[in-house]
Amino acid sequence: METIVRTKIVDVLKSKAFGTTVNVKGWVRTRRGSKQIGFIALNDGSTINNVQIVVSVEDFGEEYLKPITTGACISVNGVLVRSEGRGQEAEIQAKEIHIYGTADPATYPLQKKGHSLEFLREIAHLRPRTNTFGAIFRIRHHMAMAIHTFFHDRGFFYFHTPVITASDCEGAGQMFQVTTMNLYDLKKDASGSIDYTSDFFGKQTSLTVSGQLEGELAAMALGSIYTFGPTFRAENSNTPRHLAEFWMIEPEVAFNGIEENMQLAEDFIKYCIQWALNHCMDDIRFLNDMFDKELIDRLNFVLKQDFVRLSYTEGIRILEEAVAKGHAFEFPVFWGADLASEHERYLVEVHFKCPVILTDYPKEIKSFYMKQNDDGKTVRAMDVLFPKIGEIIGGSQREDDYDKLSNHAEEMGVPVKDIWWYLDTRKFGTAPHSGFGLGFERLLLFVTGMGNIRDVIPFPRTPNNAGF
Ligand code: ATP
Ligand code: MN
């Protein structure tokens, strides 16, 4: 076969160089046709759109074409011609075809007909080859680019925080331990506690649940930073919005108060959504038509809205009114309650019909590092609540007073001796600062319209599920 430099299908479909000979390589989506002429729909992942390869059955021979079935991988040299069919501008009249690999129709699990998302999760090694997952993973890439571009353009520095951590201040119990100890022969001290001095790091370590504390250290030097990395939570919540391994973006900004923090969060999310509409329209249109007819409308709607900002206390009042009017929630509503997703979604979808930023939560239900308000009861927290998702961002202004912070830490069961390095920032040149965490997969749920978080990450980790 003649060697011709490969053109990606995304470029072939845009090309107007009719009459030239091109090479494309990819995986066969379908082959159909008559005794004389065959049509191969070829996809190489560069776009959701397939290029049509037209083959003369007489020239190639039926036997030669037979193994070119759904899932097979081929390389095609052919002439680019204007398509007579509807849809695509260009198609390729095949001159030479090389078969890299066949896919026996008797055993290849992805056949023409649609498969359920549940079934596709069981073949996570092959699902990127479907239109749906190709679209989702291309969008995932573009969202990562949007995030880096947004922060880079605003003078933020991408700061890498550790994945393995010895501080479990965010919440023990929901962390995955990291150890090289022999679990069949654990050394314990006289009181029956595990002796970690012989472990790899000489102390108990875990996978991080957040890069925030280290991010704050960086903000106190570089001014504006963000992290973007994997985080791990061993919470046993089998919900469509929780993963045990997910990616989080955490900006942290010196001198920002809660107001600037809210504005940053709103600008950031809107920027990402606009980026998706600018860069991923083919894929979004496909997902809109396949799964969620309101997706594009919803994305455009959120762009136009000023997010509603109100206090937790106001939010509770609205929810209590709803209960009084007969609305039934599964979980109780009272001042001090942690809001469940049903409450968040009521505020967003039923009451305001708009994204909501809820602020000033009771200090008991929020983390120790949030700045305390003068009322002695609430902290300067802010959660961004989204339609269909609930909480998409959680953040706060941070407590910058050494005494208040260390006292509150002890009150909430975080030993000051373990976070001396974090407290040092409040001892040396402390400054007001704020930040937040956006769950990358929650953003992707919103942008793709998918209903289950397992479908927006290539290889989901959830309770009892770490295959692939
Ligand atoms: P939730 O109440 O929804 O469980 P959280 O309050 O525990 O979330 P934070 O600690 O505030 O979450 O984390 C910041 C962001 O990270 C959240 O707003 C959410 O977008 C995302 N997030 C948190 N936990 C998970 C998870 N298990 N899987 C995916 N994303 C998550
Ligand atoms: Mn939160």
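Residues numbered from 1 in each chain as written. Chains lettered and ligands numbered in written order. Predicted model: local features only at pLDDT ≥ 70, side-chain atom pairs only at ≥ 80, totals over all residues. Heavy atoms only, no water.

Novice: In this structure, what is going on with the overall build of the protein chain? I would like to understand it.
Specialist: The helix and strand inventory of the protein chain stands at 14 helices and 16 strands. Taking all 468 residues of the protein chain together, 51% fall into the buried category. Sequence-distant contacts in the protein chain: of pairs separated by 6 or more residues, those separated by 24 or more amount to 67%. Of the accessible surface of the protein chain, which amounts to about 22,300 Å², a share of 52% is contributed by carbon and sulfur atoms. Across the protein chain, the 50 positively charged side chains and the 62 negatively charged ones have centroids separated by 7 Å. (Helix = DSSP H or I, 4+ residues; strand = E, 2+ residues; numbered from the N terminus. Buried < 20%, exposed > 50% of the residue type's maximum accessible area, 1.4 Å probe, protein only. Contact = heavy atoms within 4.5 Å. Areas by Shrake-Rupley, 256 points an atom, 1.4 Å probe, with all protein chains shown as cover. Lys, Arg positive; Asp, Glu negative; His and termini not counted. Charge placed at Lys NZ, Arg CZ, Asp CG, Glu CD.)

Novice: Looking at this structure, I do not really get the sheet that holds strand E10 (residues 224-232). What am I missing?
Specialist: The strands that make up a sheet pair up through hydrogen bonds in the backbone, lying either parallel or antiparallel. One open sheet accounts for eight strands, arranged E6-E10-E11-E16-E15-E14-E13-E12; its pairing is mixed. Sheet topology places strand E6 (157-158) and strand E12 (308-311) at the edges, where each strand pairs with a single neighbour. Examined bridge by bridge, E10 and strand E11 (residues 245-254) share nine bridges and lie antiparallel to one another. Note on E11: the bridge partner recorded for tyrosine 226 is proline 251. (Pairing = 2+ DSSP bridges.)

Novice: Would you take a moment to explain the packing of aromatic side chains for this structure?
Specialist: Given two aromatic rings, their pairing is described by the distance between the two centres and the angle made by the two planes. Applying the stated criterion to the full structure yields 22 aromatic pairs. Ring centres of phenylalanine 200 and phenylalanine 201 lie 4.8 Å apart, and the angle between their planes is 70 degrees; this geometry places the pair in the edge-to-face category. Note on phenylalanine 201: relative accessible area 42%, which makes it partly exposed. Here the aromatic rings of phenylalanine 329 and tyrosine 346 are separated by 5.5 Å at their centres, their planes lie at 85 degrees, and the arrangement is edge-to-face. Here phenylalanine 329, found in the loop between helix H10 (312-324) and helix H11 (341-352), pairs with tyrosine 346, found in helix H11; they are 17 residues apart in sequence, far enough to count as distant. Take tyrosine 346: its relative accessible area is 13%, and that puts it in the buried class. Taken together, the aromatic side chains of Phe150, Phe151, Phe156, Tyr158, Tyr226, Phe268, Tyr271, Trp275 and Phe436 make up a single cluster linked through ring pairs. Seen from the ring of tryptophan 335, lysine 377 lies directly overhead, with NZ or CZ sitting 5.5 Å from the centre. (Phe/Tyr/Trp six-rings, centres within 6.5 Å; stacked < 30°, edge-to-face > 60°. Lys NZ or Arg CZ within 6 Å of the ring centre and 35° of its normal.)

Novice: What's the story with the packing of helix H5 (residues 131-153) against helix H7 (residues 258-279) in this structure? I'm lost.
Specialist: Any two packed helices are characterised by the angle at which their axes cross and by the distance between the axes. Taken N-terminus to C-terminus, the directions of H5 and H7 make an angle of 135 degrees; their axes are 9 Å apart at the nearest point. It follows from the interaxial angle that H5 and H7 lie oblique. As for how H5 packs across H7, the hand of that crossing is right-handed. Here His142, Met143, Met145, Ala146, Ile147, Thr149, Phe150, Phe151 and Asp153 of H5 come into contact with H7, specifically with Leu264, Asp267, Phe268, Tyr271, Cys272, Trp275, Ala276 and His279. Residue composition of the contact of H5 with H7, by class: twelve nonpolar, three polar and two charged. (Axes fitted to C-alpha atoms, helices over the stretch in contact; angles between N-to-C directions. Parallel < 35°, antiparallel > 145°, perpendicular 65-115°, else oblique. Left-handed = near helix turned anticlockwise from the far one by under 90°. Nonpolar A, V, L, I, M, F, W, Y, C, P; charged D, E, K, R; others polar.)

Novice: Which parts of the structure should I look at to understand H10?
Specialist: Here H10 contains 13 residues, and its C-alpha end-to-end distance of 18 Å stays within 8% of the 18 Å for a straight helix at 1.5 Å per residue. Of the positions making up H10, those classed as buried are Tyr312, Gly315, Ile316, Ile318, Leu319 and Ala322. Along the axis of H10, the buried positions cluster into a sector of 160 degrees, meaning they face one direction only. Positive phi shows up at glycine 326, right after H10, with a value of about 105 degrees. (Expected span 1.5 Å × (residues − 1). Arc of directions from axis to C-beta.)

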